[in-house]
Amino acid sequence: MPYTVTPTSLPEVLILEPKVFGDARGFFFESFNARDFANCTGLDVQFVQDNHSKSAKGVLRGLHYQIQHPQGKLVRVTHGEVFDVAVDLRRSSPTFGKWEGVVLSAENKHQLWVPPGFAHGFLVTSESAEFLYKTTDYYHPEFERSLLWNDPTVGVQWPLHAEPLLAAKDKAAATLDSAEVFP
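Scoring rules and cut-offs
- Residues numbered from 1 in each chain as written.
- Predicted model: local features only at pLDDT ≥ 70, side-chain atom pairs only at ≥ 80, totals over all residues.
- Heavy atoms only, no water.
- 1 Å grid on protein atoms, 1.4 Å probe; cavity = no way out; pocket = protein on both sides within 12 Å on 5 of 7 lines; lining within 4 Å.
- Points joined across faces, edges and corners; volume = space filled by probe spheres on them.
- Helix = DSSP H or I, 4+ residues; strand = E, 2+ residues; numbered from the N terminus.
- Nonpolar A, V, L, I, M, F, W, Y, C, P; charged D, E, K, R; others polar.
- Salt bridge = Lys/Arg side-chain N within 4 Å of Asp/Glu carboxyl O.
- Buried < 20%, exposed > 50% of the residue type's maximum accessible area, 1.4 Å probe, protein only.

Visitor: Tell me about the layout of surface pockets, and please be specific about residues and values.
Guide: One number sums up the size of the largest pocket: a volume of about 400 Å³. Lining the largest pocket are 24 residues, and of these Asn51, His64, Lys73, Tyr133 and Glu144 sit closest to its centre. Those elements that provide at least two residues to the lining of the largest pocket are strand 5 (49–56), strand 6 (60–66), strand 11 (118–124) and strand 12 (128–135). Here the residues of the lining of the largest pocket sort into ten nonpolar, ten polar and four charged. Put simply, the second largest pocket is a space of about 160 Å³. Contributing to the lining of the second largest pocket are Lys57, Gly58, Leu123, Val124, Thr125, Pro159, Leu160, His161, Ala162, Glu163 and Pro164. The residue inventory of the lining of the second largest pocket, partitioned by class, reads six nonpolar, three polar and two charged.

Visitor: If you had to explain the pattern of salt bridges to someone new, which residues and values would you point to?
Guide: Applying the stated rule across the entire model yields seven salt bridges. Between Lys57 and Glu127 there is a salt bridge, with its nearest N and O atoms 3.8 Å apart. Remark: Glu127 occurs in the loop between strand 11 and strand 12 and Lys57 occurs in the loop between strand 5 and strand 6; sequence separation between them is 70 residues. Its relative accessible area of 44% is what places Lys57 among the partly exposed residues. Of the residues examined, Glu127 reaches a relative accessible area of 62% and is grouped as exposed. Arg145 is paired through a salt bridge with Glu180; the nearest N and O atoms lie 2.5 Å apart. With a gap of 35 residues between them, Arg145 in strand 13 (residues 144–146) and Glu180 in the segment after helix 2 (168–171) connect regions that are remote in the sequence. Taking relative accessible area as the criterion, Glu180 reaches 40% and is therefore assigned partly exposed. Salt bridges sharing common partners tie together Glu12, Asp88 and Arg90.

Following this line, the structure appears as C-alpha cells:
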C-alpha cells in the first residue's frame, strides 16, 4: 500500500503517511499518485493548482478558506516543521467549529488532506519551513476568507512560545460567530 491513511477526530480530515524507501544514499517516495490516492482514501478529486511557501519560525498563516470555489488541500512540508490545523466550517456538520491539529515535517513526511468546507492554517515551529500543497480549485481572492486564529470559541491549542507573526488579513479575521460559513 503506497499510503497509510489515518482518520483524525474530524473523520474527513486524513493523515497520509507515504511509503518511504531509504538506504545509505537517502530516500525516495511518491508524494502523490492519483490512482493510489483514490484507492487509499476513497476520494475522487482532481488537483488543479500547486502552491509553495517558505516561512520563518513563529509565522502563523491562516486560518484560510474560500467561501465560493472551496478548495480541498493536500498539504505537506519539505523543509522544517509546522503545526497544521483544519477547522470544520460546515454548519450542517456534527463537527462544526471543531478543529484538528497535526505536526507535519520534512522528517515525518506526513501529508494532511483538508477537505473543502474547512478553514486551514499552520504555525512554523522550526527555524523555517517550506510548505507545499495541492488544491482542488483555483485561488479566487474575492472569495477568500479568514477565521481568527485565536478565536476562543474554536479554541485551537497552538504550540506558541511567543506572539505569532501574522499577515494583516489574519489579524483582522472573523470569529466563528461572525464568519461566513458553509451550509
